[in-house]
Amino acid sequence: PALSHSHAVRHGCTKDVRDMYLETLASIPTSEVDLHKMLLENKLIDPGEKMSRPRMKRKANVDNDGKPKKRRYYERKNMRRTNTHLDGTDIGAMLAIAAEKQSQGKSVGDGGM
């Protein structure tokens, strides 16, 4: 346990409790191994218990099959088009096709490359 790295902080405790903590601090071993042995001797932890908890693993961005999760594309509500002056032109037609593809969840363009 990571108890040896503690220090007294007055956070909502009374002064007498803080003073008790400071008085007993000297009797607590500074070594993790010694602290683990002392906790075992006083039967505060089980004999098979590890000295420290294992670190939490980061969640990978994969689904149950191990494949990367698909990104969800949400249509923004009330999104106002600002390029209405292109309606009726060739560029406007291409933009309309791209917007339709994007609303279906398909990739559009080369990502700005």
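Residues numbered from 1 in each chain as written. Predicted model: local features only at pLDDT ≥ 70, side-chain atom pairs only at ≥ 80, totals over all residues. Heavy atoms only, no water.

Below, the discussion takes up the overall build of the protein. When helices and strands are counted, the protein shows 3 helices and 0 strands. Helices (α) and strands (β) of the protein occur, in sequence order from the N terminus, as α-α-α. Carbon and sulfur atoms make up 53% of the accessible area of the protein, which amounts to about 11,400 Å² in all. (Helix = DSSP H or I, 4+ residues; strand = E, 2+ residues; numbered from the N terminus. Areas by Shrake-Rupley, 256 points an atom, 1.4 Å probe, with all protein chains shown as cover.)

To continue, consider unusual backbone geometry. If a residue is not glycine, its phi is most likely negative; likewise, a peptide bond is most likely trans. Here the phi dihedral of Lys43 falls at roughly 55 degrees; this positive angle occurs in a residue that is not glycine. In this structure, Lys43 sits in the loop between α2 (32-41) and α3 (90-103). A relative accessible area of 73% places Lys43 in the exposed class. (Buried < 20%, exposed > 50% of the residue type's maximum accessible area, 1.4 Å probe, protein only.)

So, about the environment of Lys37. With respect to the helices, strands and loops of the structure, Lys37 is situated in helix α2. Given the relative accessible area of 48%, Lys37 is considered partly exposed. Along the backbone, Lys37 and Met51 are 14 residues apart, and their C-alpha atoms lie at a distance of 9.5 Å.

Structurally, the α-helix is built with 3.6 residues per turn, so residues lying three or four positions apart point the same way. For α3, with 14 residues, the first-to-last C-alpha span of 20 Å sits near the 20 Å given by 1.5 Å per residue. At the exit of α3 stands Gly105, carrying a positive phi of roughly 90 degrees. (Expected span 1.5 Å × (residues − 1).)

This part takes up α2. When α2 is considered as a whole, its buried residues turn out to be Leu35, His36 and Leu39. Down the axis of α2, the buried side of the element spans an arc of 100 degrees, and every buried residue falls inside it. Where α2 begins, one side-chain oxygen reaches toward the backbone nitrogen of Val33, 3.3 Å away; that side chain belongs to Ser31. Phi turns positive one or two residues past the end of α2, at Lys43, with a value near 55 degrees. (Arc of directions from axis to C-beta. Polar contact = N/O pair within 3.5 Å; in protein donor to acceptor, adjacent residues only side chain to side chain.)

Side chains of Leu22, Leu25 and Ile28 sit close together on the surface and give an oily, nonpolar patch of about 210 Å² of accessible area. Of the residues examined, Leu25 reaches a relative accessible area of 34% and is grouped as partly exposed. (Patch = residues over 30% accessible without salt bridge, like charges linked within 9 Å, V, L, I, M, F, W, Y side chains within 5 Å. Salt bridge = Lys/Arg side-chain N within 4 Å of Asp/Glu carboxyl O.)

What follows covers the environment of Arg71. Within the secondary structure, Arg71 is located in the loop between α2 and α3. Judged by relative accessible area, Arg71 falls into the exposed class, the value being 67%. Spatially, the C-alpha atoms of Arg71 and Gly105 are 9.5 Å apart, while their sequence positions differ by 34 residues.

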